[in-house]
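# What the coordinates show
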Amino acid sequence: MMTYIVFILSIIFVLGFVGFSSKPSPIYGGLGLIVSGGVGCGIVLNFGGSFLGLMVFLIYLGGMMVVFGYTTAMATEQYPEIWVSNKTVLGAFVTGLLMEIVMVYYVLKDEEVEIVFQFNGLGDWVIYDTGDSGFFSEEAMGIAALYSYGTWLVIVTGWSLLIGVVVIMEITRGN
Amino acid sequence: YRSHLMSSLLCLEGMMLSLFVMASLTILNSHFTLASMMPIILLVFAACEAALGLSLLVKVSNTYGTDYVQNLNLLQC
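Residues numbered from 1 in each chain as written. Chains lettered and ligands numbered in written order. Predicted model: local features only at pLDDT ≥ 70, side-chain atom pairs only at ≥ 80, totals over all residues. Heavy atoms only, no water.

### A closer look at the environment of Thr72 of chain A
With respect to the helices, strands and loops of the structure, Thr72 of chain A is situated in helix H3 (residues 50-74). Owing to a relative accessible area of 6%, Thr72 of chain A belongs among the buried residues under this scheme. Setting aside residues no more than four positions away along its own chain, Thr72 of chain A makes contact with Pro26 and Ile27 of chain A together with Met6 of chain B. (Helix = DSSP H or I, 4+ residues; strand = E, 2+ residues; numbered from the N terminus. Buried < 20%, exposed > 50% of the residue type's maximum accessible area, 1.4 Å probe, protein only. Contact = heavy atoms within 4.5 Å.)

Below is the structure:
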């Protein structure tokens with residue numbers, strides 16, 4: 001089962017996406033996004049990207065989703081809609097679920113599915129170890145290069161974050 | 001059936017998450033070490049975008065009480 005763990009996690013990833021794109025009440029959409037975020041972190045971790053996967057948990061779920069949760073709690077309605085309470089939402093969810101099941105069935109049967117591009121079976125995304133990787137994780141070294149090769153990038157993103165804060169304060173100031 | 005503006009922001013966040021995961025997997029698989037900073041930069045700008053979208057939603061919610069999309073009907077043909 002462990003050899004197919006990425007495949008299983010990617011199925012749960014897509015199901016989480018179907019869960020919030022069928023547009024239930026935003027609280028439950030946020031729940032689907034949290035599930036997708038956690039499982040997406042697991043997928044990235046399985047490819048050896050430990051820093052990037054934990055960034056998803058920390059920044060994406062811990063930062064952005066918390067803010068979304070608070071804003072939803074502020075602007076929510078009295079009777080929120082879950083997936084089974086409204087036929088539109090349930091229909092969209094079931095449609096997405098069926099499409100995912102059909103795709104999984106074809107992948108398991110034929111080892112290759114070609115819709116827009118080729119899903120080459122379950123063993124496609126195997127990391128090819130080309131050469132000696134040394135004693136350090138090359139992914140962490142690549143991210144550490146942000147501060148040496150990517151100095152201008154740091155300056156631009158830091159400045160745009162500051163400008164974003166100023167813009168948001170101007171928007172919410174009102175009057 | 002009432003559509004929330006918040007659902008569109010959640011779908012945008014979902015798109016950013018899927019872009020992040022796809023970019024991370026491609027970069028890790030092809031051992032393109034120097035591009036490992038790109039998903040982080042993507043996340044930074046996605047956070048900016050989410051925060052801006054949320055501030056607009058807060059203003060809409062302050063004016064109309066709820067964030068239903070049907071309330072945004074000032075421009076009528």
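So, next bit.
### Topic: the packing of aromatic side chains
Residue and element names in this part refer to chain A. The full count for this structure, using the stated rule, is two aromatic pairs over all chains. Seen from their ring centres, Phe13 and Phe17 are 4.9 Å apart, and the 50° between their planes marks the pair as tilted. You can see Phe13 and its partner Phe17 sitting in helix H1 (residues 5-21), four residues apart, about one turn around the helix. The exposure class of Phe13 is buried, given its relative accessible area of 11%. Of the residues examined, Phe17 reaches a relative accessible area of 18% and is grouped as buried. Seen from their ring centres, Phe17 and Phe20 are 5.2 Å apart, and the 45° between their planes marks the pair as tilted. Here Phe17 pairs with Phe20, and both are found in helix H1, just three residues apart, close to one helical turn. Feature note: the residues Phe13, Phe17 and Phe20 constitute an aromatic cluster, connected by ring pairs. (Phe/Tyr/Trp six-rings, centres within 6.5 Å; stacked < 30°, edge-to-face > 60°.)

### Looking at the UniProt feature "transmembrane region" (unreviewed entry) in chain B
Residue and element names in this part refer to chain B. UniProt's feature table lists "transmembrane region" (unreviewed entry) at residues 6-28 and 40-58, given in the numbering used throughout. The span residues 6-28 shows a helical share of 100% and a strand share of 0%, and its end C-alpha atoms are spaced 33 Å apart. End C-alpha atoms of residues 40-58 are separated by 27 Å, and the span's content is 100% helix alongside 0% strand. (UniProt positions renumbered as here; feature names shortened; annotations may be inferred.)

### Concerning the nonpolar core
Core analysis: the largest hydrophobic core is formed by 37 residues, its most contacted members being Phe13, Tyr60 and Phe68 of chain A together with Leu17 and Val21 of chain B. Those elements that provide at least two residues to this core are H1, helix H2 (26-46) and H3 of chain A together with helix H1 (5-29) and helix H2 (38-64) of chain B. In terms of residue count, the dominant contributor to this core is H1 of chain B (ten residues). (Core = buried A, V, L, I, M, F, W, Y, C linked by side-chain atoms within 4.5 Å.)

### Points about the confidence of the model for chain B
Per-residue confidence for chain B gives a mean pLDDT of 89; residues scoring 70 or more make up 100%. Here the complex is predicted with pTM 0.87, and the ipTM for its interfaces comes to 0.89. (pLDDT = per-residue confidence, 0-100.)

### Details of the interface of chain B and chain A
In this complex, chain B contributes 45 residues to the contact, which on the side of chain A involves 61 residues. Where chain B abuts chain A, roughly 4700 Å² becomes buried across the two surfaces, and 79% of that area is made up of carbon and sulfur atoms. Along the contact surface separating chain B from chain A lie zero salt bridges. For the interface between chain B and chain A, the tally reads two residue pairs in polar contact (both at pLDDT 80 or more). Secondary structure elements with two or more residues in the side of chain B that touches chain A: H1 and H2 of chain B. The element best represented in the side of chain B that touches chain A is H2 of chain B, accounting for 19 residues. Along the lines of polarity and charge, the residues of the side of chain B that touches chain A split into 30 nonpolar, twelve polar and three charged. (Buried area = accessible area lost by both parts, 1.4 Å probe. Salt bridge = Lys/Arg side-chain N within 4 Å of Asp/Glu carboxyl O. Polar contact = N/O pair within 3.5 Å; in protein donor to acceptor, adjacent residues only side chain to side chain. Nonpolar A, V, L, I, M, F, W, Y, C, P; charged D, E, K, R; others polar.)

### Focus on a nonpolar patch on the surface
All names here are of chain A. Taken together, the side chains of Met1, Tyr4, Ile8, Ile12 and Val35 define a hydrophobic patch exposed on the protein surface, amounting to about 460 Å² of accessible area. In this fold, Val35 is placed in helix H2. Take Val35: its relative accessible area is 41%, and that puts it in the partly exposed class. (Patch = residues over 30% accessible without salt bridge, like charges linked within 9 Å, V, L, I, M, F, W, Y side chains within 5 Å. Areas by Shrake-Rupley, 256 points an atom, 1.4 Å probe, with all protein chains shown as cover.)

### A look at helix H6 (residues 151-173) of chain A
The end-to-end C-alpha distance of H6 of chain A is 33 Å, a good match for the 33 Å that 23 residues give at a rise of 1.5 Å each. Among the residues of H6 of chain A, those classed as buried are Thr157, Ser160, Gly164 and Ile168 of chain A. Here the buried face of H6 of chain A lies against H2 of chain B. One or two positions beyond H6 of chain A, positive phi appears at Gly174 of chain A, with a value near 80°. (Expected span 1.5 Å × (residues − 1).)

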